Amino acid sequence: MLKLAAAFSLLAGSAFASGLEIQIEGEGANGTVKIDLFEDVAPKHVEQITALAAEGKYDGVVFHRVIEGFMAQTGDVQFGKLGEDMRRAGMGGSERPDLPAEFSDIAYDRGVVGMARSQSPNSANSQFFIMFAPGHFLNGQYTVVGKVTEGMDVVDAIKRGSGQSGSVKGQPDVMTKVTVTE
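Everything in this summary refers to the structure shown in the same document.

The nine strands lie next to each other as β3-β9-β1-β2-β8-β6-β7-β5-β4, forming an open sheet whose pairing is antiparallel. Two strands close off the open sheet at either side, each with one partner strand: β3 (61-62) and β4 (65-67). As judged from the seven bridges shared by strand β1 (residues 19-25) and strand β9 (residues 174-181), these two strands associate in the antiparallel manner. Note that in β9 the partner of E25 across the bridge is V174. Packing of helix α2 (residues 43-54) onto the sheet brings it into contact with β1, β2 (31-37), β6 (112-115), β7 (128-131), β8 (144-150) and β9, and relative to β9 it is tilted by some 115 degrees.

If you want it as structure tokens, here you go:
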């Protein structure tokens, strides 16, 4: 009976597993990125990003800050839509409230997805970043929400920023469609 209960809990847990499938287009990247979201590690953050994705809020949002050898940042649903004034991209969030930090012991390695925030640890909202390379100085400082499982070659091709703090000049690459997966 205990084995049956354990098996059922494993099946139930996997039924609630979620991820994101991101279609990216631009001068640099063109393709699909799949991310496994860690709802056990950061349930509030995963709930927020999946809700925003399900509402289509991430569709058309650019990668506004991309630093070679570090990370690519996106997710500003307020000021980061393609075709808008890119000078404000990265300054906004969403209509949803900021989230309390959900720090973990997961290391910021290549492909790890983390939540962007201001200096306050409890200020993450909609923006997230994908690591090009390990950045262990971020460990325990930023909430880890997932990891790229497919399409790291697409992430690697995202147009790099050349402006201040990695801001992308000209036309940035864009998430054309973000879908929640099971």
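Here we take up the nonpolar core. Generally speaking, nonpolar side chains in soluble globular proteins are found buried as a group. Among the nonpolar cores identified, the biggest contains 33 residues, and I22, I35 and Y58 are the most heavily contacted of them. Listed by contribution, the elements that provide at least two residues to this core are β1, β2, α2, β6, β7, β8, α3 (152-156) and β9. Ranked by residues supplied to this core, first place goes to α2 with four residues. Core analysis: the next-biggest nonpolar cluster, separate from the first, contains ten residues, F38, F70, F129 and L138 among them.

Before going further, it helps to spend a moment on the environment of I67. Position of I67 relative to the elements: it lies in strand β4. For I67, a relative accessible area of 23% translates into the label partly exposed. Along the backbone, I67 and G161 are 94 residues apart, and their C-alpha atoms lie at a distance of 6.0 Å. For I67, the residues in contact, after removing those within four places along its chain, are F132, S165 and G166.

Thresholds applied
Residues numbered from 1 in each chain as written. Predicted model: local features only at pLDDT ≥ 70, side-chain atom pairs only at ≥ 80, totals over all residues. Heavy atoms only, no water. Pairing = 2+ DSSP bridges. Helix = DSSP H or I, 4+ residues; strand = E, 2+ residues; numbered from the N terminus. Contact = heavy atoms within 4.5 Å. Axes fitted to C-alpha atoms, helices over the stretch in contact; angles between N-to-C directions. Core = buried A, V, L, I, M, F, W, Y, C linked by side-chain atoms within 4.5 Å. Buried < 20%, exposed > 50% of the residue type's maximum accessible area, 1.4 Å probe, protein only.

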